[in-house]
Amino acid sequence: MGASREAWSVVTGATDGIGRQTALELLARGHRVILHGRSKPKLEQVAAQMRTAHPRAALEWVCFELGSLAEVRAGAQELLARFDRIGAVIANAGVYPQGHQLSVDGYELSFAVNHLAHFYLIHLLLPRLEESAPSRVVVLSSIAHHRGELELEGIALGRDGSGSPVERFDGYRAYASSKLANLLFAQELARRCEGSGVDVNAVHPGVIDTKMLRDGFGKLDGAPIEEGARCSIYVATAAELQGVSGKYFADSKPARSASRAQDLALQQGLWSLSEKLCGLSQQTD
């Protein structure tokens, strides 16, 4: 079976776009859903709308900013305190900054939000996912990962994903690099979760008509939002995918990722860097 309907499913970035549609469809299927967002008023509004559409739904929300590792940690602690069973995390939230921006912690914003925050959140929730197994982690990557590069030292210095200096910053290259990081992370996490009952897979949702697409690419036409949620829903819930882990899906079927996404040394190097940037080696609790 897929992620348990009795356990809660966390959807990050659930107040807009693909994340919102994903949460709605999970609710329609009877799943217990936790919405994540960074604006309390927006979360309250979206939750009220969803409860109107699904009056009997088990629906909660949690508010924290993914651009701050301290807030991510506080958000994870709240989730662990409030919910004794978490059966799925859909790492959906993402940003596409047009110019060079840094997170609160001093990391390039695409890398910080799209990869590092989810790495940290899932690390903190992993014991609960294992306790709630069978459970699933779904990481939204993108076909853009084929254009991504990762120069790990450059990321730590707050440059774009390829390590280019700030004056040559390219928003698309940074975004593509963060999507490559998503895929590298999902594959390394899948390997580390072998035998735990936690399945980890990455997905490409498609080129979807979202605010991010319009902000990043202007008038580029995208597919309907319902299509964007389809692959995430499938990978999170399909009974036939129980025990399937470490894969990359597009159009709800396994797809071939870029060769650099299959680089074991790069997967492990990103993992080690992410631990360092999140300060995990200094934490004892």
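Basis of the calculations
- Counting from 1, residues in each chain are numbered in the order their sequence is written.
- Reporting of local features is limited, given that this is a predicted model, to residues whose pLDDT is at least 70; pairs of side-chain atoms are given and counted only at 80 or more, and all residues count toward the totals for whole chains, interfaces and linings.
- The side-chain figures draw on all heavy atoms in the structure; neither hydrogens nor water molecules are used.
- Starting at the N terminus, helices and strands are each numbered in turn, a helix being any DSSP run of H or I of at least four residues and a strand any DSSP run of E of at least two.
- Type-normalised accessible area, obtained with a 1.4 Å probe on protein chains alone, sets the label of each residue: buried when under 20%, exposed when over 50%, and partly exposed for intermediate values.
- What qualifies as a polar contact is a pair of N or O atoms within 3.5 Å, subject to a donor-acceptor requirement within protein and to the restriction that residues adjacent in sequence count only when both atoms come from side chains.
- A contact between two residues is defined here by any heavy atoms of the two lying within 4.5 Å.
- Throughout, an axis means a line fitted to C-alpha atoms (over the contacting stretch in the case of helices), and angles, computed between N-to-C directions, take values from 0 to 180 degrees.
- Should an angle lie under 35 degrees it is considered roughly parallel, over 145 roughly antiparallel, and from 65 to 115 roughly perpendicular; all remaining angles are considered oblique.
- In this scheme, a crossing is called left-handed if the near helix is turned counterclockwise away from the far one by less than a right angle; it is called right-handed if the turn is clockwise.
- Put simply, Ala, Val, Leu, Ile, Met, Phe, Trp, Tyr, Cys and Pro go in the nonpolar bin, Asp, Glu, Lys and Arg in the charged bin, and everything else, Gly too, in the polar bin.

Visitor: Describe the side chain of Glu188, with residues and values.
Guide: Mapped onto the elements of the fold, Glu188 is located in helix α6 (residues 171–192). Among the residues examined, Glu188 registers a relative accessible area of 3% and is labelled buried. At 2.3 Å, the side chain of Glu188 forms a polar contact with the side chain of Arg191. In this structure, Glu188 is in contact with Leu264, Gln267, Gln268 and Trp271, ignoring residues within four places of it in sequence.

Visitor: Now, about the packing of helix α1 (residues 17–28) against helix α8 (residues 225–237): what can you tell me, with residues and values included?
Guide: At their nearest, the axes of α1 and α8 sit 8 Å apart, and the two run at 55° to each other. By the angle between their directions, the pair α1 and α8 is classed as oblique. As for how α1 packs across α8, the hand of that crossing is right-handed. Facing α1, whose interface residues are Gly17, Ile18, Gln21, Thr22, Glu25 and Leu26, α8 presents Ile225, Glu226, Gly228, Ala229, Ser232, Ile233 and Thr237. Split into classes, the residues belonging to the contact of α1 with α8 amount to five nonpolar, six polar and two charged.

Visitor: Any details on the packing of helix α4 (residues 109–131) against α6? Residues and values, ideally.
Guide: For any two helices packed against each other, one specifies the inter-axial angle together with the distance between the axes. Packing of α4 against α6 leaves a shortest axis separation of 7 Å and a crossing angle of 20°. Comparing the axis directions of α4 and α6 gives the class roughly parallel. Judged by the twist between their axes, the crossing of α4 over α6 is right-handed. Between α4 and α6, the residues in contact are Ser110, Phe111, Asn114, His115, His118, Phe119, Ile122 and Leu126 and Ala174, Tyr175, Ser178, Lys179, Ala181, Asn182, Phe185 and Leu189, respectively. Taken together, the residues of the contact of α4 with α6 sort by class into nine nonpolar, six polar and one charged.

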